[in-house]
Every structure is written in structure tokens, then in C-alpha cells.
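Coordinate analysis (summary)
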Amino acid sequence: MSCPRLNGTGASSLCSLSESCRHIWRCLSATYGLSASWFLFIEEQTSISLAKLLQVLNRYQVQEEWFLGKSLHDNEPSIIHHYAFSEDPGSFSFPDPAAGWALSSLLLRRLAERIQHAQPKSDFTIDLKHEIALYIWEDGNGPKLSAVPEFCTESRENCATASTTYLPHCGSPVSRKEVFVAVKTCKKFHSERVPVVKATWEKDAGFIEYYSDVADASIPTINVGVPNTERGHCGKTFAILKRFLSKAVPKTDWLLVVDDDTLISLPRLRRLLRCYEAKEAVSLGERYGYSLLLNGYSYTTGGAGMVLSRPAVSMLVSSGCRCYDDDAPDDMVLGRCLTSLGVPITHSPLFHQARPQDYSETLEQAVSFHKHWNIDPVTVYKLWLQDTHPQDEL
């Protein structure tokens, strides 16, 4: 992997945070470790004022280990961080990737050496920015994040970095008739969760079906012939994939699979989908990882919503990939299958597997949240996902 230099003197190097830093630290150290003083990691939407950035970096001694960025912290114990620092959630800081974050060359070289023999403790990659900060901190043996006010998400006069919106503008939204929505539910949630969907985002769907373990004409639901399972829902999801390709439902470019406790903005999703080519195999959502350092795989989390293009669904169904059990985790099985087929798992920070209070970064223009636990889901939808002035529906 090659990373372009920031300037002619090799003062810094840039790499996208969309690449797993666990894999690129060694590459960066081997390629630039002796010629660069700093390494800056940014999102594709992050803009940089080079002169101001160099002024900021010159404040720090490059002969020391530095971990710089815009500081985030949990306001309450968060499930996505495994309730780390639960007694004092604000005591641990991690970087906002939209503002960028920097490592001194000395620190990066040590991390590149350490990662070869001291792997992260968890097999799962859930929130990379928090996990990177934990790995660098090393239970107090490494540096904590140093907050840099010039690393910004909102553009200000003194900012060295700034970030534009995560919801890009790639043209007019795709038509609501090009997105088929599949809601996974079961009998015990027909009266509890389904009414929330109907009271919030169902109205924005061009085509929507509810898949359950029983047929209920009042919703209506479709019995896919798979008994409800308490854990994963792989059998149900694969039945949905097959139905999507059949003549039983309208032919659309995109399939969205959600849980019955997913809260989602379909207008924002349709705007986002304009940035992707529906004729290609696309898997889009909030990307997690499993055993990535040992040839594992990435997957889009089911609760946040899994978006698949028609070619991706066709490849999955025709490949012979199957659930090892009906209650296997459907999102992980799909991720493993798509990885074996060479289909990229595309991450968008607009999708969220948990509730708004479980996140510390900016959540404006989010596409989805998940779970009704200890919240009023209708209020959460209106606050975070319902646009005040929605665009005309197509």
C-alpha cells in the first residue's frame, strides 16, 4: 500500500481511515518511518489547511510519542465500547476521525513493531477510533490522546482541519420505487415494535414487506416458513434474499434489510444511494469486523440496516452460500459470504447499530439508529431522523 506525502520535505503522510489502521501501520512505518515526522489519518470528507497544520505540528517535539486529535469521550457507559470506563466514562478520550488524528513518527514505529506480536484483545472490530485509542494507551503504558483545538469538524478561522457533511450530494436521490424494504419481525413484536415503524418511517417506503414467523393480515406480515429464533436470523434473511429476486415482489435496484426496532431515514438513504452504482455488487452499512488480523472478514451490522444492490443479492443466492443454522447471525454470515465472493463491505458512518446516546461524535444527517431500549423511539426518530423540510419524493 502506498501513501502520498503531504509535502516535499516528507513532514507528514496521509492515509484514509477507511483502511484499517491495524494493517497499514506496518506499511507506513516501513515506507515513511525514517523520512516522515508525522502521520495524519483523515476521512475522505476532511479538508486540510496545510500551512496551519504544519504550524500546529511544530508545537510538539517530534522526538517524543504524540497522539493528537479532536477529543471525544463517552457521556455514559456505551455498549459499543463494551461499557469501558463505566465508573467515569469521560476519563478516556478518543479521536473524532472526521477532524483527523496524528501520530508522531516515533510512536507509529513503535506501534508497527508492537502490532506484530501484541494483537488487540478482541476478535471484533466495532468502533475503530475507540479501539485504536485503547491500543495506543496500552493500559496506561502509552500516550493518551492530546486534544488539539485546531483539529475541527466545523470550519473556523483557526482550524487546520475541517470536515464536510457525511451525507454527500451526488445528485438527485434515487427513486423510492428503486428501494425494496424488508423488515424482520416475529409474532411477539407485532404489537410492540411494528407500530413504531408505521408511526415513523414506513410512509417513506415505496415498497415494504414485513417478514415474520406467522402471517398477520392486520400488518400485513409474510410467513417465510422459518421459525423465530432468539439469536441470529440467518434463515429468515436468506429467505428474504430469494424472495427479492423472485417475481413475487416488484423488481428494484436496492434491497434494505432492517430489524423491527431499526429507526431509519429513507429519504437520506435514497440520497446516499445516488453515490453508488446499482449495477455493481454493493454492500453498504455500518461495517464491523471479525478476526481481521487472522484473515477474517468485515460485515454490515443488521440492526443498523443492511443495503444490498441487486447484483450483490444475485451473487449471494447463486453462490450456494448458506446458513450453517437458521439462528446463525445473518449479518456475519452475509459478510463472510460476500468477502469470499470478492464483494467489498462498504462502511458509512451514517448507519448506527445502537442508540444516539451510545455515540459521542456528531450525529446530524444520520441514516439509522437501532434499539428501543430505555428510549422513546418515536421521539428519537423525530429528533434525529425526520427532516423538517424533506425533499420531494420521487
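Anyway, here's the lowdown on the structure attached to this text. Keep in mind the model is a prediction, meaning the values are calculated, not measured.

By secondary structure assignment, the location of P143 is in the loop between α4 (128-137) and β9 (146-147). With 36 residues separating them along the chain, P143 and L107 place their C-alpha atoms 8.9 Å apart. Other than its neighbours up to four places away in sequence, P143 contacts E65, F67, L107, R110, I136 and W137.

Looking now at the nonpolar core. Judged by nonpolar contacts, the single largest core of 46 residues is most densely connected at V181, W201, L256 and L269. Among the secondary structure elements, those contributing two or more residues to this core are β11 (179-184), α5 (194-199), β14 (254-259), β15 (262-264), α7 (266-273), β18 (297-300) and α10 (377-384). With 25 residues, the next largest nonpolar core counts Y32, F92, F94 and L128 among its residues.

Let us look at the layout of surface pockets. In this structure, the second largest pocket encloses a volume near 940 Å³. Around the second largest pocket sit 39 residues that line it, and D259, G303, Q353, H370 and K371 are the ones nearest its centre. In the lining of the second largest pocket, the residues fall into 14 nonpolar, 10 polar and 15 charged.

What follows is about helix α2 (residues 50-57). By the burial criterion, the buried members of α2 are L53, V56 and L57. All buried residues of α2 lie within an arc of 95 degrees about the axis, which places them on one face of the element. Exposed residues on α2 whose side chains face more than 90 degrees from its buried face are A51 and Q55.

This paragraph deals with the pattern of salt bridges. Evaluation of the coordinates by the stated rule reveals 13 salt bridges. Residue E202 pairs with K198 through a salt bridge whose shortest N-O separation is 2.8 Å. R243 is the salt-bridge partner of E209, the closest N and O atoms lying 2.8 Å from each other. Taken together, the residues E209 in strand β12 (residues 207-212) and R243 in helix α6 (residues 234-245) connect sequence positions 34 residues apart. One connected set of salt bridges, linked through shared partners, spans E65, R110, R114 and E138.

Right, let's talk about the sheet that holds β12 for a bit. Pairing is mixed across the open sheet formed by seven strands, whose spatial order is β13-β12-β11-β14-β19-β16-β20. If you trace the sheet from one side to the other, it starts and ends with β13 (221-223) and β20 (345-347), each paired once. When the angles between neighbouring strand axes are averaged without regard to direction, this sheet yields 25 degrees. Bridge count between β11 and β12: five bridges; the pairing is parallel. Across the sheet, F180 pairs through a bridge with F207, a residue of β12.

Conventions adopted
- Residues numbered from 1 in each chain as written.
- Predicted model: local features only at pLDDT ≥ 70, side-chain atom pairs only at ≥ 80, totals over all residues.
- Heavy atoms only, no water.
- Helix = DSSP H or I, 4+ residues; strand = E, 2+ residues; numbered from the N terminus.
- Contact = heavy atoms within 4.5 Å.
- Core = buried A, V, L, I, M, F, W, Y, C linked by side-chain atoms within 4.5 Å.
- Buried < 20%, exposed > 50% of the residue type's maximum accessible area, 1.4 Å probe, protein only.
- 1 Å grid on protein atoms, 1.4 Å probe; cavity = no way out; pocket = protein on both sides within 12 Å on 5 of 7 lines; lining within 4 Å.
- Points joined across faces, edges and corners; volume = space filled by probe spheres on them.
- Nonpolar A, V, L, I, M, F, W, Y, C, P; charged D, E, K, R; others polar.
- Arc of directions from axis to C-beta.
- Salt bridge = Lys/Arg side-chain N within 4 Å of Asp/Glu carboxyl O.
- Pairing = 2+ DSSP bridges.
- Axes fitted to C-alpha atoms, helices over the stretch in contact; angles between N-to-C directions.

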